[in-house]
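Listed below, chain by chain, are the residues.
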2 protein chains.
Amino acid sequence: MTSIITQRIALDFEFPVLFTRDVFDPANPALLEAVERAGPGPHRLAAVVDGGLAAADPGLGARFAAYCAAHADTFLLTAPPLVVAGGEGAKADFAVVEAVWKLIFEARLCRQSFLLVVGGGAVLDAAGFAAATAHRGVRLLRLPSTALAQNDAGVGVKNGVNAFGRKNYLGCFAPPYAVVNDHALLAALPERETRAGLAEAVKVALVRDAAFFARLRELAPRLAVLESDALEEANRRCALAHLEHIATGGDPFELGSARPLDFGHWAAHALEEATGGELRHGEAVAVGVALDTVYSGLVGRIGETEVGQVLALFSDLGLAVWHPALAGLDMEAAVDAFREHLGGRLHLSLLDGIGRRVEVHEVDFARMAAARERLAARTAAA
Amino acid sequence: MTSIITQRIALDFEFPVLFTRDVFDPANPALLEAVERAGPGPHRLAAVVDGGLAAADPGLGARFAAYCAAHADTFLLTAPPLVVAGGEGAKADFAVVEAVWKLIFEARLCRQSFLLVVGGGAVLDAAGFAAATAHRGVRLLRLPSTALAQNDAGVGVKNGVNAFGRKNYLGCFAPPYAVVNDHALLAALPERETRAGLAEAVKVALVRDAAFFARLRELAPRLAVLESDALEEANRRCALAHLEHIATGGDPFELGSARPLDFGHWAAHALEEATGGELRHGEAVAVGVALDTVYSGLVGRIGETEVGQVLALFSDLGLAVWHPALAGLDMEAAVDAFREHLGGRLHLSLLDGIGRRVEVHEVDFARMAAARERLAARTAAA
């Protein structure tokens, strides 16, 4: 009585990620290369700018306007750039999403027009959600303006906003049309943001790339003082590792359970929620990665020497591996919330050596508490 | 100074489309087969029901509850079904989307839980948008309850709601987890809805499948009186043609410009907007398909015999090829709005014979006006 047809849909997305400096210098070809495959222009364009960046870099608006004027044969700027409040507030509710939908409508962007977004991860996430859902997707040009956005979320395929008190509760998977990482944009950042961004580089090195970990140890003295060339190298290599993981990990839209780049993130998300965002995402990742590294040692997966190297690297980079909120954290509840976000069985990444990830499905909470104690004791001793 | 990495992401989606009758009969295995690849249950489940269907089929709620009780090892129903107002109003604003987000949150559905939606196209579109964006996508089980939803939109990969006065302005592309077409659900429908659904069958036959067109002519006397077996055959074949087009058309997420299954739809959308929804989508498609068929004849692409066959088929099916709103339609503006929705150059489908589509980039509006005159004269004569 019942018959079944199996529908198969194959999709191939391809987008360029460009690494450059001074993207709005009219002589810089990066943005032209980013849209080259769209064919001859002029292409309709509207722009969203992170208010935090606009305040820190007051010349940005004029440089962007001059760039568009110089490349009017490629880009038809259809409306003044929309400046939105930056930081986690950008994705705290639907205000930015709705403002960007309105911009896209009033600028008469179509599915083959471009929305250019310059900003930190939260602005990229909120404006990216709007871009992905207007006309079922206008073309998104991402210009991440923080270290974390450039080396992690900005090169990925997700967007979203918070809802019901949960981070990223609403969003979708949508590859951007292109990403341009302009290292010069980072100069406008507060030091704290730049330093926090290094935590993702340590994380990705630990789970994927022992050579990168060794290189981070070499670069540590220069990274500690936020030397520009060293930061550029670390962030670029971190971005490449994330790109490679998404392309080759076998589950770019996360339909299954495994998320190997979430190493240390169960505790990081819980700490961000517990501190109401006072702890930056990268700072929380440093604590979470340190905790799961020590735990990996306590369950016999990596040696004491390696654990010591990881903790020393965080210390050398000026990233704390402890926060008072960790002391009071209900770790069983935090692990379960992490499990529930994906559903089904727990999938947790541990280290099986530097650069080698292993997936486990259970946590020994007595040992996890011991790992926490060690971080507390180390910090008290310092 | 600039370096480029090209990111490539390959995605393969696979979902079953099941054709059955009486899906909530506890002995019917269709829903169990639909979720088989999710592994052993129980799987968390919440449900959304079209209020129009609930009113027309008052036993539905009890049948669904009994089904879930009989299959508690597969489905864990986590909340009472959410009944939402059906019809175009379901996607007129964000109310249904927000109600479904709230349901998903309160039912604690995760990315591996199921949202089952029983309803017409508008309810499927709005609830599907909510399902695709909560947790970046919970698993959607679509049970289309109108002929049009079963033979067209319900088996596709789109969702959405209206905004800024534009149909489907907000939405995304998201394959469902499974679709179950229950022919018995259609018995509760008003006759007008069932008849309107036949317009999509004529459309898809004309652009893809001359044998199906011939079969529709054979079936016409039985379809005209809405005989159940004939309707089931026509709707199933129409659904299969849509599925095949999406899978093999080369552009399932419509990143390019061509949309060959939109034959006749520029006029149909304009007529729906002009009549404020008084004209059903299928009824508007009948007028739009007839218009572009006559135009295809006037520009010498198909013969007079074929044009006559198409108009006669609509007549035999009881579908009008004229509506007073067509007389006042600004056809140039309507074609341009259609072009703008996709952006770039105009891509319009015409017929190059029965079952053969051709794409053109210009319209001869004098001839299009003559095509309109012919439909008016034919209707006046009848």
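Just so it is clear, the model here is predicted, and its values are computed rather than measured.

Focus: the overall build of chain A
Here's step 1: On a plain count of helices and strands, chain A comes out with 15 helices and 11 strands.
Here's step 2: Computed over its C-alpha atoms, the radius of gyration of chain A comes to 21 Å, within 12% of the 21 Å expected for a compact globule of 382 residues.
Here's step 3: Projected onto the principal axes, the alpha-carbon positions of chain A cover approximately 70 × 60 × 35 Å.
Here's step 4: The burial tally for chain A puts 58% of its 382 residues in the buried class.
Here's step 5: Considering only contacts within chain A whose residues lie at least 6 apart along the sequence, 77% involve residues at least 24 apart.
Here's step 6: Accessible surface computed for chain A: about 13900 Å², of which carbon and sulfur atoms make up 53%.
Here's step 7: Separation of charge centres in chain A, based on 35 positive and 46 negative side chains, amounts to 3 Å.

A short note on the pattern of salt bridges
In a structure, side chains of opposite charge can pair up when their charged atoms sit close to one another.
Here's step 1: Scanning all chains against the criterion turns up 47 salt bridges over all chains.
Here's step 2: A salt bridge links B:Glu244 to B:Arg208, with the shortest nitrogen-to-oxygen separation between them at 2.6 Å. Placement of B:Glu244 in helix α9 (residues 228–248) and of B:Arg208 in helix α7 (residues 191–208) is noted, with a sequence separation of 36 residues between them.
Here's step 3: Looking at B:Glu244, the relative accessible area reads 46%, which means it is partly exposed.
Here's step 4: Through salt bridges that share partners, A:Arg21, A:Asp229, A:Glu232 and A:Arg236 make up one connected network.

Brief notes about the environment of A:Ala220
Residue and element names in this part refer to chain A.
Here's step 1: Mapped onto the fold, Ala-220 is located in helix α8 (residues 210–224).
Here's step 2: Measuring from C-alpha to C-alpha, the distance between Ala-220 and Thr-133 comes to 42 Å, with 87 residues separating the pair along the chain.
Here's step 3: The residues touching Ala-220, leaving out its near neighbours within four places in the chain, are Leu-313, Asp-316 and Leu-317.

A word on the interface of chain B and chain A
Here's step 1: In this complex, chain B contributes 68 residues to the contact, which on the side of chain A involves 68 residues.
Here's step 2: Interface of chain B and chain A: buried area, both sides summed, is about 6600 Å²; carbon and sulfur atoms make up 56% of it.
Here's step 3: When the buried area of chain B at its contact with chain A is split by residue, B:Gln7, B:Ile9 and B:Arg136 rank highest and sum to 13% of it.
Here's step 4: There are four salt bridges connecting chain B and chain A.
Here's step 5: Across the salt bridge formed by A:Arg8 and B:Glu14, the nearest N and O atoms sit 3.1 Å from each other.

Considering the domain arrangement of chain A
Residues and elements named next belong to chain A.
Here's step 1: On domain assignment, one finds that chain A holds domain 1 (17–188) and domain 2 (191–381).
Here's step 2: Centre-to-centre separation of domain 1 and domain 2, based on C-alpha positions: 28 Å.
Here's step 3: If you look at the interface, domain 1 gives 19 residues, while domain 2 gives 26 residues.
Here's step 4: Between domain 1 and domain 2 lies a buried interface of about 2000 Å² when both sides are counted; carbon and sulfur atoms form 60% of it.
Here's step 5: Along the contact surface separating domain 1 from domain 2 lie three salt bridges.
Here's step 6: Across the pair Lys-167 and Glu-272 runs a salt bridge whose closest N-O atoms are separated by 3.1 Å.
Here's step 7: On the surface where domain 1 and domain 2 come into contact, there are eight residue pairs in polar contact (both at pLDDT 80 or more).

Brief notes about the nonpolar core
Here's step 1: Grouped together as the largest cluster of nonpolar side chains are 70 residues, with contacts concentrated most on A:Val48, A:Phe94, A:Leu115, B:Val48, B:Phe94 and B:Leu115.
Here's step 2: Excluding residues that lie within four positions of it along the chain, B:Phe94 makes contacts with A:Phe94, A:Trp101, B:Trp101, B:Phe129, B:Val161 and B:Leu170.
Here's step 3: The next biggest cluster of nonpolar side chains, apart from the first, holds 65 residues, and it includes A:Phe213, A:Val289, A:Trp322 and A:Leu348.

Topic: unusual backbone geometry
Here's step 1: Residue A:Pro42 follows A:Gly41 across a cis peptide bond; omega there is 5 degrees.
Here's step 2: Of note, A:Pro42 is situated in the loop between α1 (30–34) and β2 (43–50).
Here's step 3: Even without being glycine, A:Arg136 reaches a positive phi, approximately 55 degrees.
Here's step 4: Residue position: A:Arg136 is located in the loop between α5 (121–133) and β6 (139–144).
Here's step 5: For B:Asn168, which is not glycine, the phi dihedral falls at a positive 55 degrees.
Here's step 6: Mapped onto the elements of the fold, B:Asn168 is located in strand β8 (residues 166–170).

Brief notes about helix α15 (residues 365–381) of chain B
Residue and element names in this part refer to chain B.
Here's step 1: When the terminal C-alpha atoms of α15 are compared, their 24 Å separation across 17 residues agrees well with the 24 Å that a helix rising 1.5 Å per residue should span.
Here's step 2: If you check which residues of α15 are buried, you get Met-368, Ala-371, Arg-372 and Leu-375. On an axial view of α15, the arc spanned by its buried residues comes to 95 degrees, and they lie on one face. Turned more than 90 degrees away from the buried face of α15, the exposed residues are Ala-366, Glu-373, Ala-380 and Ala-381.
Here's step 3: The inward-facing, buried residues of α15 abut α10 (265–274), α11 (281–298), α12 (304–316), α13 (324–327) and α14 (331–342).
Here's step 4: Here α15 starts with a cap whose side-chain oxygen sits 3.1 Å from the backbone nitrogen of Ala-366, and that cap is Asp-364.

Quick word on a negative patch on the surface
Here's step 1: A cluster of acidic residues, A:Asp93, A:Glu98, B:Asp93 and B:Glu98, forms a negative patch on the protein surface.
Here's step 2: Among the secondary structure elements, B:Asp93 is positioned in the loop between β4 (82–84) and α4 (95–106).

Focus: the state of the cysteines
Residues and elements named next belong to chain A.
Here's step 1: Taken as a whole, this structure holds zero disulfides over all chains when the rule is applied.
Here's step 2: Here Cys-68 stays free of any disulfide, with the sulfur of Cys-110 as its closest cysteine sulfur at 17 Å.
Here's step 3: Residue class for Cys-68 comes out buried when judged on its relative accessible area of 7%.

Re the pairing of strand β5 (residues 114–119) of chain A
Residues and elements named next belong to chain A.
Here's step 1: Within β5, six of the six residues are buried, which leaves the element mostly enclosed by the surrounding structure.
Here's step 2: Covered by surrounding structure in β5 are Phe-114, Leu-116 and Val-118 together with Leu-115, Val-117 and Gly-119, the residues of both alternating faces.
Here's step 3: Pairing of β5 with β6 involves six bridges; the strand directions are parallel. Residue pairing in the sheet places Leu-116 in a bridge with Leu-141 of β6.

Cut-off values and rules
- Residues numbered from 1 in each chain as written.
- Chains lettered and ligands numbered in written order.
- Predicted model: local features only at pLDDT ≥ 70, side-chain atom pairs only at ≥ 80, totals over all residues.
- Heavy atoms only, no water.
- Helix = DSSP H or I, 4+ residues; strand = E, 2+ residues; numbered from the N terminus.
- Rg over C-alpha atoms; globule rule 2.2 N^0.38 Å.
- Buried < 20%, exposed > 50% of the residue type's maximum accessible area, 1.4 Å probe, protein only.
- Contact = heavy atoms within 4.5 Å.
- Areas by Shrake-Rupley, 256 points an atom, 1.4 Å probe, with all protein chains shown as cover.
- Lys, Arg positive; Asp, Glu negative; His and termini not counted.
- Charge placed at Lys NZ, Arg CZ, Asp CG, Glu CD.
- Salt bridge = Lys/Arg side-chain N within 4 Å of Asp/Glu carboxyl O.
- Buried area = accessible area lost by both parts, 1.4 Å probe.
- Domains from an automatic or database assignment.
- Polar contact = N/O pair within 3.5 Å; in protein donor to acceptor, adjacent residues only side chain to side chain.
- Core = buried A, V, L, I, M, F, W, Y, C linked by side-chain atoms within 4.5 Å.
- Expected span 1.5 Å × (residues − 1).
- Arc of directions from axis to C-beta.
- Patch = residues over 30% accessible without salt bridge, like charges linked within 9 Å, V, L, I, M, F, W, Y side chains within 5 Å.
- Disulfide = S-S within 2.5 Å.
- Pairing = 2+ DSSP bridges.

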